[in-house]
Amino acid sequence: MTMALAVGSAALVTQAGSRRDPTAVEQKHIEQAAREILTSEGVPAESLTRLRLTQVTATELNRSQKLIASVEIKRADKLNMDYSLFFVLDPLSSKKSVVWFQHSKGETDAEAIYLIDLLAAEHNGDRMIVRRVFYENYRYEVYKNRGDRWTKEFASEVFGCL
């Protein structure tokens, strides 16, 4: 599930994109980190058997390698999502930055975040453009890297079936 954003200004981007699919080793590292995060959030071991890496990306941010992942755990009855997680992982230090975690309480409140694209801007900080999906709706959000944390900088209006 790869998405990208078209940018019409060379002044916005300081380097060529470096997104790629993770290697098998990186994929395993992402899955292990996801299990650690979910376990620390109280997700039962039995639910972890349904863990699915929905979207994974390897890239360079702030001149260092990062792994970005959207993770979902379906309910046991497979009718909806039970847990969702979106995080950034430094593969060298194993430092994790959780952008989104949710244990949904019902069918209509499940949300998930998926990476659309990255904006590596040397002078003004890196940004992630994401799509937040919930029930039959979605919105676009922009997160800015502030040190080791990603903070929401912008959210569009709700689109979809209102």
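In this report, the structure presented in the accompanying data block is examined. As the structure is a prediction and not an experimental result, all values here were calculated from the model.

1. Remarks on the overall build of the protein chain
The number of helices and strands found in the protein chain is 2 helices and 9 strands. Seen in sequence order, the protein chain has helices and strands lined up from the N terminus as α-α-β-β-β-β-β-β-β-β-β. Per-residue burial over the protein chain gives 44% buried out of 162 residues. The contacts of the protein chain with a sequence gap of at least 6 include a subset with a gap of at least 24, amounting to 43%.

2. Describing the pattern of salt bridges
The full count for this structure, using the stated rule, is 13 salt bridges. Among the salt bridges present, the one from R35 reaches E31, with a minimum N-O distance of 3.1 Å. Separated by 4 residues within a single helix, R35 and E31 lie in helix α1 (residues 24–40), roughly one turn from each other. The residue R75 makes a salt bridge to D77 at a minimum N-O spacing of 2.6 Å. Take D77: its relative accessible area is 42%, and that puts it in the partly exposed class.

3. Re the sheet that holds strand β2 (residues 64–74)
The strand order across the open sheet formed by 4 strands is β1-β2-β3-β4, and the pairing between neighbours is antiparallel. The strands lining the two open edges of the sheet, one partner per strand, are β1 (51–61) and β4 (96–103). Going from strand to strand, the sheet's axes swing by 10 degrees on average, the running direction of each strand aside.

4. Regarding the side chain of N80
With respect to the element layout, N80 can be found in the loop between β2 and β3 (81–89). Overall, N80 belongs to the buried group, its relative accessible area being 15%. Apart from the residues within four sequence positions on either side, N80 is in contact with K74, R75, G106, E107, T108 and A110.

5. Describing the packing of aromatic side chains
Each aromatic ring pair is described using two quantities: the centre-to-centre distance and the angle formed by the ring planes. One pass over the structure, following the stated rule, counts 4 aromatic pairs. When the centroid spacing of 6.0 Å and the interplanar angle of 55 degrees are considered together, the rings of Y140 and F159 count as tilted. Residue Y140 is located in strand β7 (residues 137–146), and its partner F159 is located in strand β9 (residues 159–160); the two are separated by 19 residues in the primary sequence. With a relative accessible area of 30%, Y140 lands in the partly exposed category. Overall, F159 belongs to the partly exposed group, its relative accessible area being 34%. In this structure, R131 is placed above the aromatic ring of Y138, and the distance from its NZ or CZ to the ring centre is 3.9 Å.

6. Things to note about the nonpolar core
One broad trend across soluble globular proteins is that nonpolar side chains are buried collectively. Judged by nonpolar contacts, the single largest core of 18 residues is most densely connected at I30, L38, L51, V71, I73, L85 and F87. Of all elements in the fold, only α1, β1, β2 and β3 reach the threshold of two or more residues within this core. Here the element with the most residues in this core is α1; it accounts for 5 residues. For F87, the residues in contact, after removing those within four places along its chain, are I30, A33, A34, I37, L67, I68, A69, V71, S97, V98 and V99.

7. Looking at unusual backbone geometry
For S94, which is not a glycine, the phi torsion comes out positive at approximately 65 degrees. Its location among the elements puts S94 in the loop between β3 and β4. Residue S94 is classed as partly exposed on the basis of its relative accessible area of 31%. Unlike most non-glycine residues, Y135 shows phi in positive territory, near 45 degrees.

Each value, and the rule that gives it
- Residues numbered from 1 in each chain as written.
- Predicted model: local features only at pLDDT ≥ 70, side-chain atom pairs only at ≥ 80, totals over all residues.
- Heavy atoms only, no water.
- Helix = DSSP H or I, 4+ residues; strand = E, 2+ residues; numbered from the N terminus.
- Buried < 20%, exposed > 50% of the residue type's maximum accessible area, 1.4 Å probe, protein only.
- Contact = heavy atoms within 4.5 Å.
- Salt bridge = Lys/Arg side-chain N within 4 Å of Asp/Glu carboxyl O.
- Pairing = 2+ DSSP bridges.
- Axes fitted to C-alpha atoms, helices over the stretch in contact; angles between N-to-C directions.
- Phe/Tyr/Trp six-rings, centres within 6.5 Å; stacked < 30°, edge-to-face > 60°.
- Lys NZ or Arg CZ within 6 Å of the ring centre and 35° of its normal.
- Core = buried A, V, L, I, M, F, W, Y, C linked by side-chain atoms within 4.5 Å.

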